[in-house]
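# Examination of the molecular architecture
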Amino acid sequence: MKTDHLARELEDGLRDLGLPLSGQQQSQLLAYLDLIQKWNRVYNLTSVRAPEEMLTHHLLDSLAVINPLRHQLSGRNPVAGRGFCLLDVGSGAGLPGVVIAICCPDIEVSCVDAVAKKASFIQQVAISLRLPNLKGLHARVESLGGGYDVVSSRAFASLADFTAWSSSALAPQGLWLAMKGHEPLEEMAALPADVKVFHVEHLQVPGLAASRCIVWLAKGPNQADCATRAS
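A few points on the structure. (Residues numbered from 1 in each chain as written. Predicted model: local features only at pLDDT ≥ 70, side-chain atom pairs only at ≥ 80, totals over all residues. Heavy atoms only, no water.)

## A few points about the sheet that holds strand β1 (residues 85-89)
Ordered by their spatial adjacency, seven strands build an open sheet running β3-β2-β1-β4-β5-β7-β6, and the pairing between neighbours is mixed. Each having just a single partner strand, β3 (134-138) and β6 (195-203) make up the two edges of the open sheet. Strand-to-strand twist of the sheet, defined as the mean angle between neighbouring strand axes without regard to direction, takes the value 20°. Bridging between β1 and strand β2 (residues 108-113) involves five bridges; their strand directions are parallel. Each bridged residue has a counterpart across the sheet, and for Cys-85 the counterpart in β2 is Glu-108. Sheet strands touched by helix α3 (residues 51-63): β4 (148-154), β5 (170-180) and β7 (212-219). Its angle to β4, the strand with the most contacts, is close to 150°. (Pairing = 2+ DSSP bridges. Helix = DSSP H or I, 4+ residues; strand = E, 2+ residues; numbered from the N terminus. Axes fitted to C-alpha atoms, helices over the stretch in contact; angles between N-to-C directions. Contact = heavy atoms within 4.5 Å.)

This is how it looks when you write it as structure tokens:
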């Protein structure tokens, strides 16, 4: 990899995002990118191969959720007796879970994937980058409990499937963070009555000329259900 060039691109992207990170965190992000490229040769973690594209489409895309995540957690209390816990569903190469673990060392991040080799990759990343707050889980998300404060996904499934499959893992007052491209109006309309969209946050990813947004969801009556009751 052209490390110096990528380091400059990363610095520029972080500045555009208004996301100050330490030199160590920036080095961890670049080392993570290098690990993806090395393991990709055998495990096919991502179809994106060029380091410059990985930086934009993977790192900066995931980094764009950090400030919104911090904002949503501010003023909230985690489940009693511990800090905030986040479950990244269908994590694959660890996006955005690994990026969150690097940027937010106060959040315990678990990346779950049904493919064993992908969970093994996350474990290797945790060891290589010395991230005690990161672990990989080989499991189907439907089998998990544990009361996570946040359950995230990136291009994993429809909103209805994502929330249904991970409902048992989400704490009663927890949040779903779904990374999407265009605002998924049809998916939002298809949500069940016990899941509500409380915010759609449009993102601007540096160097990426494509629509990106976060759909924030929680357990409770959705807007369509409320409108039906009101009428």
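## A word on the pattern of salt bridges
According to the stated counting rule, one finds seven salt bridges in the structure shown. Across the pair Arg-15 and Asp-12 runs a salt bridge whose closest N-O atoms are separated by 2.4 Å. On the criterion of helical spacing, the pair formed by Arg-15 and Asp-12 is a turn pair, its members being three residues apart in helix α1 (residues 3-17). In this structure Asp-12 comes out as partly exposed when scored by relative accessible area, which is 32%. With a shortest N-O distance of 3.0 Å, Asp-61 and Arg-154 are connected by a salt bridge. In this pair, Asp-61 is assigned in helix α3 and Arg-154 in strand β4, connecting sequence segments 93 residues apart. Asp-61 sits in the buried class, given a relative accessible area of 3%. Linked through salt bridges whose partners overlap, the residues forming this network are Asp-61, Arg-154 and Arg-212. (Salt bridge = Lys/Arg side-chain N within 4 Å of Asp/Glu carboxyl O. Buried < 20%, exposed > 50% of the residue type's maximum accessible area, 1.4 Å probe, protein only.)

## Here we look at unusual backbone geometry
Across the junction of Leu-95 and Pro-96, the peptide omega takes the value 5°, indicating a cis bond. Looking at the element boundaries, Pro-96 is found in the loop between β1 and α5 (97-103). Phi is positive for Arg-130, which is not a glycine, with a value near 55°. As for its position among the elements, Arg-130 is in the loop between α6 (116-128) and β3. According to the relative accessible area criterion, Arg-130 is exposed, its value standing at 73%. Notably, Ala-155 is not glycine yet its phi reads approximately 50°, a positive angle.

## Examining the packing of α1 against helix α2 (residues 23-43)
Put simply, α1 and α2 touch, their axes get as near as 11 Å, and they point 125° apart. If you check the angle between α1 and α2, you find them oblique. Read as a crossing pair, α1 and α2 show a hand that is right-handed. Within the contact between the two elements, α1 uses Leu-6, Ala-7, Leu-10, Glu-11 and Leu-14 and α2 uses Gln-26, Leu-29, Leu-30 and Leu-33. Classifying every residue of the contact of α1 with α2 by side-chain character gives seven nonpolar, one polar and one charged. (Parallel < 35°, antiparallel > 145°, perpendicular 65-115°, else oblique. Left-handed = near helix turned anticlockwise from the far one by under 90°. Nonpolar A, V, L, I, M, F, W, Y, C, P; charged D, E, K, R; others polar.)

## Remarks on the pairing of β5
For β5, a buried count of nine out of eleven residues is recorded, marking the element as mostly surrounded by other parts of the structure. Taken together, β4, helix α7 (residues 159-166) and β5 constitute a β-α-β crossover, and its handedness is right-handed. Looking at chain direction, β5 and β7 are connected through five bridges and run antiparallel. Opposite Met-179, over in β7, you have Ile-214 as the bridge partner. (Right-handed = clockwise from strand over helix to strand, strands pointing away.)

## A short note on helix α4 (residues 66-73)
Ile-66, Pro-68, Leu-69, Gln-72 and Leu-73 are the residues of α4 that are buried. Each buried residue of α4 lies within a common arc of 165° when the element is viewed along its axis, so the set occupies one face. Backbone geometry just downstream of α4 places Gly-75 in the positive-phi region, at approximately 85°. (Arc of directions from axis to C-beta.)

## What to know about α7
Spacing of three or four residues puts side chains on the same side of an α-helix, whose turn is 3.6 residues. By the burial criterion, the buried members of α7 are Leu-159, Phe-162, Thr-163 and Ser-166. Viewed end-on, α7 has its buried residues packed into an arc of 90°, placing them on one side of the element. Tucked inside the fold, the buried residues of α7 contact β1, β4, β5, α8 (185-189), β6 and β7.

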